[in-house]
Amino acid sequence: MQWTINGQVREAEVDFRTSLLDLLREQFQLSGTKKGCNQGACGACTVLVDGERINACLALAVQYQGREITTVEGLAEHGKLHPVQAAFVEHDGFQCGYCTPGQLCSAVGMIGELERDLPSAVTADLAAGQIEWQRDELRERMSGNLCRCGAYNGIADAIAAVLAEELGEEIAR
């Protein structure tokens, strides 16, 4: 079986019941993606598949053959941190760091949702051509990623800084 992970084609023979999380961690030694609850409730295992965020603990590895999987190890390019990674450092968007890989992948996926104008549960005007990004929108979209240390303010500040850079405007609090 074959997967494309962080731009590299990787092969392994695994049981069809193997989760994508276990494939990444156990077969390919990509330990950045964390196993938190193993039930899809904490977001520590968040990775990107074709640019969309998923919980790798709930995904069967065989379903993702032929798709582009990006883990936290694949966010940086040529030794340069991804803008979201740099913002997490600048805004203290982590404490113990356990949830950070999932938070980073989720934030990158969330920014992709913005670029595609995908609404969330708190999007005020579904008919609007463009989503008005406020802190409540940001918090709702990141609510599937838990941080036991409580670094939420730093995480929100980091993501807001990246969005402000991309949008050219500050995100309302």
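Our structure is the block above this text.
Residues numbered from 1 in each chain as written. Predicted model: local features only at pLDDT ≥ 70, side-chain atom pairs only at ≥ 80, totals over all residues. Heavy atoms only, no water.

Re the nonpolar core
Residues Leu75, Val84, Phe88, Met110, Leu138, Ile159 and Leu163 are the most contacted members of the largest nonpolar core, which totals 27 residues. Only α2 (83-90), α3 (100-115) and α5 (152-167) provide two or more residues apiece to this core. In this structure, Leu21, Phe28, Val47 and Ala61 belong to the second largest nonpolar core, which totals 20 residues. (Core = buried A, V, L, I, M, F, W, Y, C linked by side-chain atoms within 4.5 Å. Buried < 20%, exposed > 50% of the residue type's maximum accessible area, 1.4 Å probe, protein only. Helix = DSSP H or I, 4+ residues; strand = E, 2+ residues; numbered from the N terminus.)

Brief notes about the packing of α3 against α5
Following both chains from N to C, one finds α3 and α5 inclined at 35°, their axes separated by 11 Å at the closest point. Along this stretch, α3 crosses α5, giving a crossing that reads as right-handed. In this structure, α3 contributes Gln103, Ala107, Met110, Ile111, Leu114 and Glu115 to the contact, and α5 contributes Ile155, Ile159, Val162, Leu163, Glu166 and Leu167. Its residues placed into classes, the contact of α3 with α5 shows nine nonpolar, one polar and two charged. (Axes fitted to C-alpha atoms, helices over the stretch in contact; angles between N-to-C directions. Left-handed = near helix turned anticlockwise from the far one by under 90°. Contact = heavy atoms within 4.5 Å. Nonpolar A, V, L, I, M, F, W, Y, C, P; charged D, E, K, R; others polar.)

Description of the state of the cysteines
Overall, the coordinates contain zero disulfides when judged by the stated rule. Looking at the unpaired Cys42, the closest cysteine sulfur is the one in Cys37, lying at 3.8 Å. Take Cys99: it sits in no disulfide, and the sulfur closest to it among the cysteines is that of Cys147, at 3.9 Å. (Disulfide = S-S within 2.5 Å.)

Some thoughts on α3
When the terminal C-alpha atoms of α3 are compared, their 23 Å separation across 16 residues agrees well with the 22 Å that a helix rising 1.5 Å per residue should span. A large share of α3 lies buried, amounting to 15 of its 16 residues. In the segment just after α3, Asp117 is the residue with positive phi, at about 55°. (Expected span 1.5 Å × (residues − 1).)

Brief notes about the side chain of Ser106
With respect to the helices, strands and loops of the structure, Ser106 is situated in helix α3. Within the local environment of Ser106, its side chain forms a polar contact with the side chain of Asn145, the two groups lying 2.9 Å apart. If near-sequence neighbours (up to four positions away) are discounted, Ser106 is found in contact with Thr46, Arg53, Met142 and Asn145. (Polar contact = N/O pair within 3.5 Å; in protein donor to acceptor, adjacent residues only side chain to side chain.)

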